[in-house]
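One letter stands for each residue in the lines below.
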Amino acid sequence: MIRTLSLAEIETLIDWAADQGWNPGLHDAAAFQAADPDGFIGAVVDGQMVAGISAVAYDADFGFIGLYICRPDMRGKGIGKSVWDAGMALLGGRTIGLDGVPAQQANYRRMGFAPAYRTVRFSGEVAPKPAGAWPTSLKTITPDLLPWIEAFDRTCFPATRPAFLERWTAPPHIALVDMDGTSVRGYGVARQCREGFKIGPLSAIDLDTAKAIFSALANRCSGPAHIDVPEAQAGLASELTERGMSPGFETARMYFGPPPTIAAERVFAVGTLELG
């Protein structure tokens with residue numbers, strides 16, 4: 001039986017992702033479910049979930065696929081493919097995005113996905129900078145600022161996602177915005193993961209703003225940091241290398257259907273590889 005997953009089952013799916021070495025956040029499940037409560041489905045055999053996928057419909061035009069995992073002992077039985085087909089059907093009629101690891105990109109191409117750009121994960125202990133390294137206009141995101149954050153985010157992401165951002169920018173996540181009055185120059189979020197912290201999204205009007213937000217977030221994180229940077233952001237990649245981080249894990253953003261139009265130059269780090 002294929003059905004919508006409960007919050008507890010989403011947490012199990014995220015635990016499976018951790019077992020795969022994906023290093024998810026400690027508090028991802030509730031924020032993920034808020035993005036689309038009907039967007040997490042799984043296959044159940046004899047009362048147990050054996051495969052799952054996230055197929056989040058952000059609006060009538062855009063959706064995102066992620067967390068596609070089949071329990072190891074149930075692979076090779078066609079169950080995972082059934083869940084994939086159900087997720088794609090759930091997002092029917094939309095442009096669909098995903099972040100694919102190199103080993104799976106050929107499979108996704110055969111399914112009709114086309115690559116848009118490469119993303120590189122930088123990881124490592126970040127050399128701290130003094131507080132004066134970022135502007136005084138940088139502040140913690142609070143609920144009253146969300147309307148302006150959401151409007152700015154829409155320029156960087158293919159759809160509005162207010163329910164997700166409300167959760168994603170709330171404690172215990174660390175969320176900062178650079179604002180001048182009601183004008184947003186950029187924002188970023190850091191969240192604690194199974195290992196260290198991940199920073200994303202990181203969106204800004206220019207490189208200097210992105211670097212300042214990154215520095216402020218990194219100073220608030222203990223342990224190693226991880227950030228998924230689009231290949232076009234060479235300036236940020238250079239800054240991360242200078243700060244002691246190293247490139248490693250790679251993915252490709254791929255789309256099924258017409259690629260969305262966004263201000264890609266503002267996207268300095270992907271929000272999550274699971275939800276876009």
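Note: the structure precedes this text.
Residues numbered from 1 in each chain as written. Predicted model: local features only at pLDDT ≥ 70, side-chain atom pairs only at ≥ 80, totals over all residues. Heavy atoms only, no water.

Caption draft 1: Summary view of the pairing of strand 8 (residues 174-180). Counting buried residues in strand 8 gives 6 out of 7 residues, a clear majority hidden from the surface. Bridge analysis of strand 7 (residues 138-140) against strand 8 gives 3 bridges, and the strand direction is antiparallel. When the sheet's bridge partners are listed, Thr 140 is paired in strand 8 with Leu 176. Here strand 8 folds back onto strand 9 (residues 183-192), and the loop between the two strands holds 2 residues, one of which, Gly 181, carries a positive phi near 70°. (Buried < 20%, exposed > 50% of the residue type's maximum accessible area, 1.4 Å probe, protein only. Helix = DSSP H or I, 4+ residues; strand = E, 2+ residues; numbered from the N terminus. Pairing = 2+ DSSP bridges.)

Caption draft 2: Structural view of the packing of aromatic side chains. All chains considered together, the criterion is met by 11 aromatic pairs. A ring pair is formed by Phe 32 and Trp 168, whose centres lie 6.0 Å apart and whose planes are at 15°; its orientation type is stacked. With a gap of 136 residues between them, Phe 32 in helix 2 (residues 28-35) and Trp 168 in helix 6 (residues 162-168) connect regions that are remote in the sequence. With relative accessibility at 0%, the residue Phe 32 sits in the buried group. A residue is classified by how much of its surface remains accessible, and Trp 168, at 0% relative accessible area, is buried. With 5.3 Å between their ring centres and 50° between their planes, Tyr 68 and Trp 84 make a pair best called tilted. Placement of the pair is Tyr 68 in strand 4 (residues 62-70) and Trp 84 in helix 3 (residues 79-90), with a sequence separation of 16 residues. Overall, the relative accessible area of 31% leaves Tyr 68 in the partly exposed class. The rings of Tyr 68, Trp 84, Tyr 108, Phe 113 and Phe 256 are connected pair by pair, giving a single aromatic cluster. (Phe/Tyr/Trp six-rings, centres within 6.5 Å; stacked < 30°, edge-to-face > 60°.)

Caption draft 3: Local environment of helix 2. Asp 28, Ala 29, Ala 31, Phe 32 and Ala 35 are the residues of helix 2 that are buried. Looking at the buried positions of helix 2, the neighbouring elements they touch are helix 1 (7-19), strand 2 (40-45), strand 3 (48-57), strand 4, helix 6 and strand 9. (Contact = heavy atoms within 4.5 Å.)

Caption draft 4: Up close: the environment of Asp 228. Tracing the sequence through the fold places Asp 228 in strand 11 (residues 225-230). When the C-alpha positions of Asp 228 and Pro 247 are compared, they lie 9.4 Å apart, and in sequence the two are 19 residues distant. Sequence-distant contacts of Asp 228, defined by excluding residues within four places in its chain, comprise Thr 119, Val 120, Arg 121, Phe 268, Ala 269, Val 270 and Leu 273. A polar contact is formed between the side chain of Asp 228 and the side chain of Arg 121, at a distance of 2.8 Å. (Polar contact = N/O pair within 3.5 Å; in protein donor to acceptor, adjacent residues only side chain to side chain.)

Caption draft 5: Layout of the pattern of salt bridges. Summed over the entire model, instances satisfying the criterion amount to 14 salt bridges. Asp 228 is paired through a salt bridge with Arg 121; the nearest N and O atoms lie 2.8 Å apart. Pair noted here: Asp 228 is in strand 11 and Arg 121 is in strand 6 (residues 114-124), with a separation of 107 residues, a long-range link. The class of Asp 228 is buried, set by a relative accessible area of 8%. Of the residues examined, Arg 121 reaches a relative accessible area of 11% and is grouped as buried. A single salt-bridge network, built from bridges that share partners, covers Arg 118, Glu 231 and Glu 250. (Salt bridge = Lys/Arg side-chain N within 4 Å of Asp/Glu carboxyl O.)

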